[in-house]
Every structure is written in C-alpha cells, then in structure tokens.
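A structural walkthrough
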Amino acid sequence: MMEDTPIFISFLLPTRDRYSELRNSINSIRANCSRNINFEILIAIDSDDDYMISKISEIYNSHRTNFCDVKVLIMKRQYYQNLQNYYNALCALSKGKLLWLWNDDAKIISQNWDTIIQDEYNDEDFIVFMCPEIKDEKEITLWGGFPIFTRKLYELLGHVSQSPHNDGYLQKVGNGSDIVKSSTVTLLHQQLSSPESMEAVRQHQTVEKLNSKEMSDMINKDIILIKNKIEEGKE
C-alpha cells in the first residue's frame, strides 16, 4: 500500500506476549473484509517484550496487502492502569477516517464488515459506533466493548480516553453527547484470562474507584466540548 493511500478505518491494537492470538485476530479482520476498502492495523508492543519484537518482521510479511497496511509502534511498557496511553499513541499515528479500539483476543465474524460499516457511516463528524460482541463463543451478546469513532472526534478531544477503561470512557462520552449509534458488525471476544490479566482487572477496579470523581469531571468536560462543537455547526 502506498504511503499516501486514503485509509477508511484504523484498528488500534495494543498487545503483549501473545503472537498466536494477535495473528488469529488479524486473520479474522483480513479474511472477512471485502478487499475493496483500505484499512490499517496499528500495533503497540512493549519495549521489554522481546518475544513480540522478534515477530515484527513476520507480522509485516504475513499481514500487509494492497488493501491492508500494518504498522508497529514500540513503546515503554505502560501497564494496564495506563492502557489509554497505548490507544492515544496509536491514534496519533493513524490515518483512518474511523478509528477502532481493538484487542488481540477479539475476532470479527461478520463477512464484509468494512462495507457494512461504510454503509452505516454517513460522514458524520462526531459519532461513536457500538458493535454487538459475543463472549467466549457462547450466545451471550454484549454491546460496546470495541467502539468505533471518528477521526474528527479524536482531533476535537485530543485523546481517545483518559481512563484505562477506554471503551467505557467512550461510551459515557458518546451517550452524554448523544452521538452513539449501533453497528451490525458482530465480534467474538474470547477474553483470555491469566494471572497477569486478573491482576490487571484488580488494578483497573482500583484505579477507577480512586479516580471516579476525576474521571467524571473529565468525561463531562469532553461532553460539553462535543455539544458546543455540534451547536457551532448548526449556526
């Protein structure tokens, strides 16, 4: 893919020490697309993750195509309590009109997902799409774990999220500013667990509890910013 090729959607994908899962996730994205719409997959890898760094050439060689670009960002490890730093850094590198929060344990199961999203998206400046998500191959469907949002929203706010609970942050901002829409693109989320991920959940709950008022103030500030910008566009 040429450097100046327009990109419709950018996947934002932090990962650590899970190449097999990353490969399967990317394969699901590529296998179920129409191949007619350009997209990019941006991957954040920790600078101390020697295993994943050793796989970078394989990542490029296996997944780059004429419709899918892949880029890797190596970052100092942020840990779960600063998960938003990975997404914010990947956003700064992205070129897509739409940006998609992604995980290495998620897979797309809707065929032609890219044309579906293109049809659902009407060039709105500010929108947050929420997708149905099947948990662990069971018929348990949730919404909102992997939000899609516009570049213009990111550029207005200057960030994806200010909380490690990135999807929840975007949901609250989107609902508060009345810009949330539902997508019909369906995902499978295997939600892999390990001692490290369980500790991450504990850290996440602690961080959110300690900063709940601070997070609420930040979310409300973002909501006001979006509402004011929307009103300006009506004048």
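This section reports on the structure supplied with the text.

Basis of the calculations
Residues numbered from 1 in each chain as written. Predicted model: local features only at pLDDT ≥ 70, side-chain atom pairs only at ≥ 80, totals over all residues. Heavy atoms only, no water. Helix = DSSP H or I, 4+ residues; strand = E, 2+ residues; numbered from the N terminus. Contact = heavy atoms within 4.5 Å. Areas by Shrake-Rupley, 256 points an atom, 1.4 Å probe, with all protein chains shown as cover. Buried < 20%, exposed > 50% of the residue type's maximum accessible area, 1.4 Å probe, protein only. Polar contact = N/O pair within 3.5 Å; in protein donor to acceptor, adjacent residues only side chain to side chain. Salt bridge = Lys/Arg side-chain N within 4 Å of Asp/Glu carboxyl O. Axes fitted to C-alpha atoms, helices over the stretch in contact; angles between N-to-C directions. Parallel < 35°, antiparallel > 145°, perpendicular 65-115°, else oblique. Left-handed = near helix turned anticlockwise from the far one by under 90°. Nonpolar A, V, L, I, M, F, W, Y, C, P; charged D, E, K, R; others polar. Phe/Tyr/Trp six-rings, centres within 6.5 Å; stacked < 30°, edge-to-face > 60°. Lys NZ or Arg CZ within 6 Å of the ring centre and 35° of its normal. Arc of directions from axis to C-beta.

Overview of the overall build of the protein chain
- Along the backbone of the protein chain there are nine helices and eleven strands.
- Restricting the contact set of the protein chain to residue pairs at least 6 apart, pairs at least 24 apart contribute 80%.
- Accessible area for the protein chain stands at about 11500 Å²; split by element, carbon and sulfur atoms hold 48% of it.

With respect to the side chain of Glu 124
- Checked against the element boundaries, Glu 124 lands in the loop between helix 5 (113–120) and strand 6 (128–130).
- On the basis of relative accessibility, which here comes to 19%, the residue Glu 124 falls in the buried class.
- A polar contact is formed between the side chain of Glu 124 and the backbone nitrogen of Asn 122, at a distance of 2.9 Å.
- In this view, Glu 124 contacts Thr 150 and Lys 181; residues no more than four positions away in its chain are not counted.

Describing the pattern of salt bridges
- Within this structure, the stated rule accounts for twelve salt bridges.
- When the shortest N-O distance is used, the salt bridge between Asp 48 and Arg 16 registers 2.8 Å. Of this pair, Asp 48 sits in the loop between strand 2 (39–46) and helix 2 (50–53) while Arg 16 sits in the loop between strand 1 (9–15) and helix 1 (19–31), placing them 32 residues apart in sequence.
- Judged by relative accessible area, Asp 48 falls into the partly exposed class, the value being 40%.
- Here Arg 16 falls in the partly exposed class, since its relative accessible area comes to 26%.
- Between Arg 18 and Asp 104 there is a salt bridge whose closest N-O contact spans 2.4 Å. Taken together, the residues Arg 18 in the loop between strand 1 and helix 1 and Asp 104 in the loop between strand 4 (98–101) and strand 5 (106–108) connect sequence positions 86 residues apart.
- Residues joined in a network through salt bridges with shared partners are Arg 16, Asp 46, Asp 48 and Arg 77.

Focus: the packing of helix 7 (residues 166–176) against helix 9 (residues 212–234)
- The contact between helix 7 and helix 9 brings their axes to 9 Å, and the two run at 40°. Regarding the angle of helix 7 to helix 9, the classification is oblique. Seen along the crossing, helix 7 lies across helix 9 with a hand that is right-handed. Between helix 7, through Tyr 169, Lys 172, Val 173 and Gly 176, and helix 9, the contact on the second element is made entirely by Met 218, Ile 219, Asp 222, Ile 223, Ile 226 and Lys 227.
- Looking at the contact of helix 7 with helix 9 residue by residue, the class counts come to six nonpolar, one polar and three charged.

Quick word on unusual backbone geometry
- One non-glycine residue with positive phi stands out, namely Tyr 79, at about 70°.
- For Tyr 79, a relative accessible area of 44% puts it in the partly exposed group.
- In this structure, Asp 178 takes a positive phi of about 60° despite not being glycine.
- In this structure, Asp 178 sits in the loop between helix 7 and strand 10 (180–182).

Regarding the packing of aromatic side chains
- Summed over the entire model, instances satisfying the criterion amount to ten aromatic pairs.
- With centroids separated by 6.0 Å and ring planes inclined at 70°, the aromatic side chains of Phe 11 and Phe 39 adopt a geometry described as edge-to-face. Taken together, the residues span a long stretch of sequence, with Phe 11 in strand 1 and Phe 39 in strand 2 at a distance of 28 residues.
- The class for Phe 39 is buried, based on a relative accessible area of 0%.
- Both rings, one in Phe 39 and one in Phe 67, keep their centres 5.9 Å apart while their planes meet at 50°; by these two values the pair is tilted. With Phe 39 in strand 2 and Phe 67 in the loop between helix 3 (56–63) and strand 3 (68–75), this residue pair connects regions lying 28 residues apart in the sequence.
- Classification of Phe 67 as buried rests on a relative accessible area of 5%.
- By way of ring pairs, the aromatic residues Phe 11, Phe 39, Phe 67, Trp 100, Trp 102, Trp 113 and Phe 146 are connected into one cluster.
- One Lys or Arg, Arg 64, reaches over the ring of Tyr 60 and ends 4.0 Å from the middle of that ring.

Overview of helix 3
- Buried within helix 3 are the following residues: Ile 56, Ile 59 and His 63. Across the axial projection of helix 3, the buried residues extend over an arc of 65°, all falling on one side.
- Turning to helix 3, the residues buried within the fold contact helix 1, strand 2, helix 2 and strand 3.

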